[in-house]
Amino acid sequence: GPHTYMAEPSDIVLIAATGAESLTDEIGGILGIPPAAIDAEDADGETHLRLPCNVRLRDTYVVACLGGAGVNRFFVELSLIVSGLRRASAARITAVLPYYAYGRQARKHTSRVPISAADVASLLEEMGVDGVLTLDLHKEEIAGFFSPRCHFASASCQPAAARYLHTQRQLRRPVVVAPHASGVTLAKAFFDSLAELHASGDGGSRFASPRAGAAPTLAMLLPHKASGSERRHLELIGEVRGQDAIIVDDIIDSGKTIARCSEALLEAGAARVFAVATHGIFSEESLRIIAVSDVTTVVVTNSVPFSVPRDHPVRRKLVVLSAAPVLAHQVAKLARLPPPSLDQMAATFPMTGSFFDQRRSRQLGRSSSSGVVSPLRERAQALHLRAYQEEIGVGGAEGNISDEAEMGSEGSRDADRDADLHADLEACMVDLASCSGPPRSAHDLASLSSG
């Protein structure tokens, strides 16, 4: 067949907009591309910025987290960054937007209102953006708001969330619940990922429950107003009695939907209630509402940066998975980079416990400051360190960084245990890299960049 050009990391520029530094660090760590942060100032209420490096004739990716209270300010900054890149003769500009701002305003539901999602698409194209990469759109029709000249791609983090719950929470007779009629498509995608993991036995991880249990099922909640009553009730379509219910949505904003649905599911006899969403906006009193709700665990990604006070009770319920592996593989495909290796991904493997998006050190490879580190992440970092030491020829008792103390008093580990750990991490990370479902073998990792 024809020769396929593979780019080098030096051909790519990865730029972090304000608020996206942590996520960009993780993406850059996976791809082997040192990210550059924008030098921006807002001293007089206006944004003054300067590009951090030479971008002439280079393929440029700008990571911007357009969510939360500062969405409008971040959008203006993104437009100025793109303008600067265009004036600096960048070859191609791709906006990596983990959360598509104004995505919930994708139709004209009443008179005298804009279709804001379409307007955002028009503004991005007018800025000079050549492509847009995002995660789990609120409405799939948003892709049609872009013209053919602007490449648009939307990946999904649902397979990663499904694997996390399957391997870390030992689900008992899981039932996937759509919280409203418009969420059935997303719930079905999550259900398909969970069903595939169930069909494969333990999902490829030694950390899964030894009992496969019953196959997952589907259910849906619909608002219903009883005759003569002003209050809207949630009507359950399906069976959840004695089962672990998983509410699947794309966004958690006020937290009220999660609270109402978890209450309705427990009243219907559900054993436990979990909630999964790609984007955690967490506005106003949402964290307090979730903390006092009946939901057991809420799983989101770091597509939108947020912070949680250290002593907040929601910390015991909230789990944040990194969206970096999914985004990094999409960037690798667009940029024609070689697929990231397992060892490159080990340093940014999502924690299996709760952690929160606090601003990390700019030094790649340093762990989060949240203070919660899982054993699996420690093992991943140790494996990554060992592979690096072997690569550069560092060994022996002297001049080597010992990871045995951090790993506990296990003593020396033989080659078989290293191979087992490598296989565990490979099985998990392959799924995180997939945007359409978990691959059936580790060899599918290499094929993800060729589709």
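Residues numbered from 1 in each chain as written. Predicted model: local features only at pLDDT ≥ 70, side-chain atom pairs only at ≥ 80, totals over all residues. Heavy atoms only, no water.

### Let's talk about the confidence of the model for the protein
For residues with low pLDDT, the predicted coordinates do not support detailed interpretation. On average, residues of the protein carry a pLDDT of 77, and 70% of them reach 70 or more. Between residues 203–211, whose pLDDT stays under 50, and residues either more than four places distant or in other chains, the model counts 20 contacts. The low-confidence segment residues 346–415, where pLDDT is below 50, has 108 contacts with residues more than four positions distant or belonging to other chains. (pLDDT = per-residue confidence, 0-100. Contact = heavy atoms within 4.5 Å.)

### Some remarks on the nonpolar core
The tendency in soluble globular proteins is for nonpolar side chains to be buried side by side. Grouped together as the largest cluster of nonpolar side chains are 35 residues, with contacts concentrated most on Leu-66, Leu-85, Tyr-100, Leu-124 and Phe-146. Contributing elements (two or more residues each) for this core: strand S1 (12–16), helix H2 (71–87), strand S6 (92–97) and helix H3 (116–127). Those residues in contact with Tyr-100, other than ones at most four positions away along the chain, are Ala-117, Val-120, Ala-121, Leu-124, Thr-134, Leu-137, Ile-142 and Phe-146. (Core = buried A, V, L, I, M, F, W, Y, C linked by side-chain atoms within 4.5 Å. Buried < 20%, exposed > 50% of the residue type's maximum accessible area, 1.4 Å probe, protein only. Helix = DSSP H or I, 4+ residues; strand = E, 2+ residues; numbered from the N terminus.)

### What about helix H1 (residues 21–31)?
It helps to recall that an α-helix has 3.6 residues per turn; residues three or four apart then point in one direction. Within H1, 10 of the 11 residues are buried, which leaves the element mostly enclosed by the surrounding structure. Gly-32 sits one or two positions beyond H1 and adopts a positive phi of about 75°.

### What to know about helix H4 (residues 158–168)
The buried count for H4 comes to 10 of 11 residues, which makes it a mostly enclosed element. Within H4, burial applies to Gln-158, Pro-159, Ala-160, Ala-161, Ala-162, Arg-163, Tyr-164, Leu-165, His-166 and Thr-167. Looking one or two residues past H4, Gln-170 carries a phi angle of roughly 45°, positive in sign.

### Re unusual backbone geometry
You will see that Arg-112, though not glycine, has its phi angle at about 60°, which is positive. Within the secondary structure, Arg-112 sits in the loop between S6 and H3. Relative accessible area serves as the criterion here: at 76%, Arg-112 is assigned to the exposed category.

### Overview of the packing of H2 against H3
Where H2 contacts H3, the axes come no closer than 9 Å and their chain directions differ by 25°. As summarised for this structure, H2 and H3 are arranged roughly parallel, according to the angle between their axes. Along its contact with H2, which presents Phe-75, Leu-78, Ser-79 and Val-82, the element H3 presents Val-120, Leu-123, Leu-124 and Met-127. In the contact of H2 with H3, the residues fall into seven nonpolar, one polar and no charged. (Axes fitted to C-alpha atoms, helices over the stretch in contact; angles between N-to-C directions. Parallel < 35°, antiparallel > 145°, perpendicular 65-115°, else oblique. Nonpolar A, V, L, I, M, F, W, Y, C, P; charged D, E, K, R; others polar.)

### Considering the sheet that holds strand S5 (residues 59–63)
With parallel pairing, the six strands of this open sheet are ordered in space as S2-S1-S5-S6-S7-S8. Each edge of the open sheet carries a strand with a single partner, namely strand S2 (36–37) and strand S8 (151–155). In this sheet, strand S7 (residues 131–135) lies alongside S6 in parallel orientation, the contact comprising four bridges. Each residue of the ladder has a partner; that of Leu-97, found in S7, is Thr-134. Of the strands in this sheet, S1 and S5 are in contact with H1, which crosses S1 at around 155°. (Pairing = 2+ DSSP bridges.)

### Overview of the packing of aromatic side chains
Here a ring pair, both rings aromatic, is described through the centre-centre distance and the interplanar angle of the planes. A full pass over the atoms with the stated rule returns three aromatic pairs. Relative to Phe-152, the ring of Phe-146 lies with its centre 4.8 Å away and its plane at 25°, an arrangement referred to as stacked. When sorted by exposure, Phe-146 lands in the same class as Phe-152, which is buried. An angle of 65° between the planes, with centres 4.9 Å apart, marks the rings of Phe-282 and Phe-306 as edge-to-face. Of the two residues, Phe-282 is situated in the loop between strand S13 (272–280) and helix H7 (286–292) and Phe-306 in the loop between strand S14 (297–301) and strand S15 (318–321); the sequence distance between them amounts to 24 residues. (Phe/Tyr/Trp six-rings, centres within 6.5 Å; stacked < 30°, edge-to-face > 60°.)

### Thoughts on the environment of Tyr-100
You can see Tyr-100 is positioned in the loop between S6 and H3. Spatially, the C-alpha atoms of Tyr-100 and Ala-121 are 9.6 Å apart, while their sequence positions differ by 21 residues. Among the polar contacts made by the side chain of Tyr-100, one reaches the main-chain carbonyl oxygen of Ala-117 at a distance of 2.9 Å. One polar contact links the side chain of Tyr-100 to the main-chain amide nitrogen of Ala-121, over a distance of 3.2 Å. (Polar contact = N/O pair within 3.5 Å; in protein donor to acceptor, adjacent residues only side chain to side chain.)

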